[in-house]
Amino acid sequence: MCGIIGCVGHHDDTLDVVLDGLETLEYRGYDSAGVALVDDSIDVQKKQGRLEALRTEIAKRDVTPTGDVGIGHTRWSTHGPPTDANAHPHTDEAGQVAVVHNGIIENYQSLRDELEAEGVTFTSDTDTEVIPHLFAAYLETDLSTELAFHRTLERIDGSYAIAAVVAGDDRIFATRNDSPLVLGIGENQYYLASDVPAFLEYTRDVVYLDDGDVAIIDADGWDVTDGDGESVDKEVSTVTWSAEQTGKSGYEHYMLKEINEQPTALRQGLSGRLDELAGDITVEELDDVGFPETVHFVACGTSYHAALYGVELFREVGVPAQAFLASEYATGPAPIPEDGLIVGVTQSGETADTLSALREAQGRGAKTLALTNVVGSTAARECDHALYIRSGPEIGVAATKTFSSQLTALNLLAETIADNTRGSRDLVLALRDVPSDIQQVLDETTAEAIVDEYVDNESFFFIGRGLHFPVALEGALKFKEITYEHAEGFASGELKHGPLALVTSNTPVFAIVTGNDERARKTIGNVKEVEARDAPVIAVTDGQSDVERYADHVLEIPETHQRTAPMLANVQLQLVAYHMANQLGRSIDKPRNLAKSVTVE
Ligand code: F6R
């Protein structure tokens, strides 16, 4: 995710404007931060850790950075661990150009090879660093600064928001592609940021940039052109948020914000890893993982549900796999396969139970892989391999976007390990479309109206079969965690083996049914069983079967691949949990008794 801020025009203290802006953006990334202030030269200060560490570092200096032009960045690592050197801004060798960047430059390796062959020395592990070197190289030619910036942009592929400054120049050059960037329009003071709150103290007038827009701001104004330098008409709008809402970008809760961030999170997780034309999946980090005899997943809570989904995928691609609750793994009788791969699924990379299961496996000679969101986390550092899900920071205690990113990454993992070239094109296309399918669910959901009818109920069931079973478990976990109402998830076929005794007209049942195959038909049979006991049924469906006939309500999802359907169904269930908890006035972002990262066994 990462956060960008930039400002031009006279301020009493430009450095303060940039640092305060970064503070409001810290939720976007907090493993390192940096600033660059421009005068005749560029003064860069950056530091690993939270923003406070950067402030302390600056306070130690005899002369603080000054200038009327400033950019800043708060980082959430994707390429290279969180270190001072990898923090943004990045500069060219002469320090004439400084750049901050969100997103991923997909062709950075070939650009880096080319620049290194020309004798350029890199000082970080980041993909970003190619940008200032390229920009500086074009500035060395006869091109104007604007054209040099355009030429630089023509060379890079990927998803990005970029802000760049040049020594002795009082402008900021910026652009975006698949990553947010917005201009703030003041009076002889202009701003840009990845999110409005960063400059809300100074202006409420904003211009939202679109993909491909190139913006230049200076103390006299702002200008937006397209990639060819042709002027683009942009509308200035006025935001109405209050300052208190800002950290949540206008959402009432982080959880709702993070549910809505899923299209972006998934785009980031897939960026550079799918080849739509060839139908290939390529994940750099997995180059030397090899083909394991068997896979054991170890995980807790939501991540365990993702692991259960992963098991099905590995079995589909021909690798025997099992999922274990991490807290049961090391101490239980499970034989740890020495020639197997042990995959720790852990958003935070710090969960004590998962770390201890991974350590036990490593101690017994097994190879380990961390599937995690946090670059440089303990799991990522200690495991033999790490696969990053690239969700961006998740603040709400209830995991939402990271679960979706885990399911996506598990598809990448299974296909890469199996080197599955046959029949994977459909999957690649479905994965490519998941972000927009999720957006459709978010735009069209009727979850809020449906839960209104059930606020007085105290027990809720969630059922699903096959790949929908982990989502039924996850739907129930999310629901109980934030509503404090009783909720259980079941494999649809298990209801009749006991839980059916609890089913009455007071137990709404959420049933996930997609497609119209044997599994769907069997789940519809289970739906009829609960309907016969007068239980209200809410079907989460793509409309391919006739489950609607037996349901009181329907939560629709777009038709998609059977691997991606669970991701869409899950978003509906996240919204069900959220709206019910909101109706009940629960503490949604910090549910009672729970913590985000559980570092005790
Ligand atoms: C539930 C939730 C927890 C975590 C679990 C594992 O919403 O967030 O169940 O999934 O504590 O955490 P990680 O994935 O960080 O290991």
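That block above? That's the structure.
Please read all numbers here as calculations on a predicted model, not as lab measurements. (Residues numbered from 1 in each chain as written. Predicted model: local features only at pLDDT ≥ 70, side-chain atom pairs only at ≥ 80, totals over all residues. Heavy atoms only, no water.)

**Things to note about the overall build of the protein**
If you tally the helices and strands in the protein, you get 17 helices and 26 strands. Taking 601 residues into account, the globule formula puts the C-alpha radius of gyration at 25 Å, and the protein, at 25 Å, falls close to it. C-alpha extents for the protein along the principal axes are approximately 75 × 55 × 45 Å. Considering only contacts within the protein whose residues lie at least 6 apart along the sequence, 70% involve residues at least 24 apart. When the accessible surface of the protein is split by element, carbon and sulfur atoms take 43% of a total near 23100 Å². If you average the places of the 44 positive and of the 101 negative side-chain charges in the protein, the two averages end up 8 Å apart. (Helix = DSSP H or I, 4+ residues; strand = E, 2+ residues; numbered from the N terminus. Rg over C-alpha atoms; globule rule 2.2 N^0.38 Å. Contact = heavy atoms within 4.5 Å. Areas by Shrake-Rupley, 256 points an atom, 1.4 Å probe, with all protein chains shown as cover. Lys, Arg positive; Asp, Glu negative; His and termini not counted. Charge placed at Lys NZ, Arg CZ, Asp CG, Glu CD.)

**Digging into the sheet that holds strand β9 (residues 182-185)**
Strand pairing within a sheet occurs via backbone hydrogen bonds; the two strands may be parallel or antiparallel. Strand order in the open sheet formed by 8 strands is β3-β2-β4-β1-β10-β9-β11-β14, with antiparallel pairing between adjacent strands. Of all the strands in the sheet, just β3 (42-48) and β14 (237-238) have a single pairing partner and so form its edges. Relative to β3, strand β2 (residues 32-38) runs antiparallel, the two being bridged by 7 bridges. Directly across from G34, in β3, lies its bridge partner K46. Across the sheet, helix α1 (residues 14-25) is in contact with β1 (3-8), β2, β4 (69-75) and β10 (190-193); its angle to β1 comes to roughly 155 degrees. Each of β2 and β3 touches helix α2 (residues 51-59); the most contacted strand, β3, lies at about 130 degrees to it. (Pairing = 2+ DSSP bridges. Axes fitted to C-alpha atoms, helices over the stretch in contact; angles between N-to-C directions.)

**Description of the pairing of strand β13 (residues 221-225)**
The pairing of strand β12 (residues 214-218) with β13 spans 5 bridges and is classified as antiparallel. Residue I217 lies in a different strand from β13, and its bridge partner there is W222. In this structure, the hairpin formed by β12 and β13 is closed by a connection of 2 residues.

**Overview of the site of the ligand**
Inspection of the region around the ligand gives 13 residues, with S303, T346, Q347, S348 and T351 positioned closest. One of the backbone N or O atoms of Q347 is found 2.7 Å from an oxygen atom in the ligand. S348 places a side-chain nitrogen or oxygen 2.6 Å from an oxygen atom of the ligand. Put simply, the ligand lies in the second largest pocket. (Near = heavy atom within 4 Å. Polar contact = N/O pair within 3.5 Å; in protein donor to acceptor, adjacent residues only side chain to side chain. 1 Å grid on protein atoms, 1.4 Å probe; cavity = no way out; pocket = protein on both sides within 12 Å on 5 of 7 lines; lining within 4 Å. Sits in = over half its atoms within 2 Å of the grid points.)

**Structural notes on the packing of helix α8 (residues 301-316) against helix α12 (residues 401-418)**
Put simply, α8 and α12 touch, their axes get as near as 9 Å, and they point 30 degrees apart. In this view, α8 runs roughly parallel relative to α12, as classed from their interaxial angle. Crossing handedness for the pair α8 and α12: right-handed. Residues T302, S303, H305, A306, A307, Y309, G310, L313 and F314 of α8 touch α12, and the partners they reach there are F403, Q406, L407, L410, N411, L413, A414 and I417. Its residues assigned to classes, the contact of α8 with α12 shows 11 nonpolar, 6 polar and no charged. (Parallel < 35°, antiparallel > 145°, perpendicular 65-115°, else oblique. Left-handed = near helix turned anticlockwise from the far one by under 90°. Nonpolar A, V, L, I, M, F, W, Y, C, P; charged D, E, K, R; others polar.)

**Quick notes on the sheet that holds strand β8 (residues 172-177)**
On the basis of which strands lie adjacent, the open sheet formed by 6 strands has the order β5-β6-β7-β8-β12-β13 and antiparallel pairing. The open sheet is flanked by β5 (90-91) and β13, the only strands paired with a single partner. With 2 bridges connecting them, β5 and strand β6 (residues 97-105) associate as antiparallel partners. Considered in β6, the bridge of T91 is made with A98.

**Remarks on the pattern of salt bridges**
Once their charged atoms are close, side chains differing in charge can pair, the charge on each being opposite to the other. Applying the stated criterion across every chain yields a total of 27 salt bridges. Linking E57 and K60 is a salt bridge whose minimum nitrogen-to-oxygen distance equals 3.3 Å. Residue classification places K60 among the exposed positions, given a relative accessible area of 59%. The residue D169 makes a salt bridge to R171 at a minimum N-O spacing of 2.9 Å. Of the two residues examined, D169 and R171, each falls in the buried class. In this structure, a network of salt bridges that share partners links the residues D20, E23 and R55. (Salt bridge = Lys/Arg side-chain N within 4 Å of Asp/Glu carboxyl O. Buried < 20%, exposed > 50% of the residue type's maximum accessible area, 1.4 Å probe, protein only.)

Function cannot be read off these values alone, since they describe shape.
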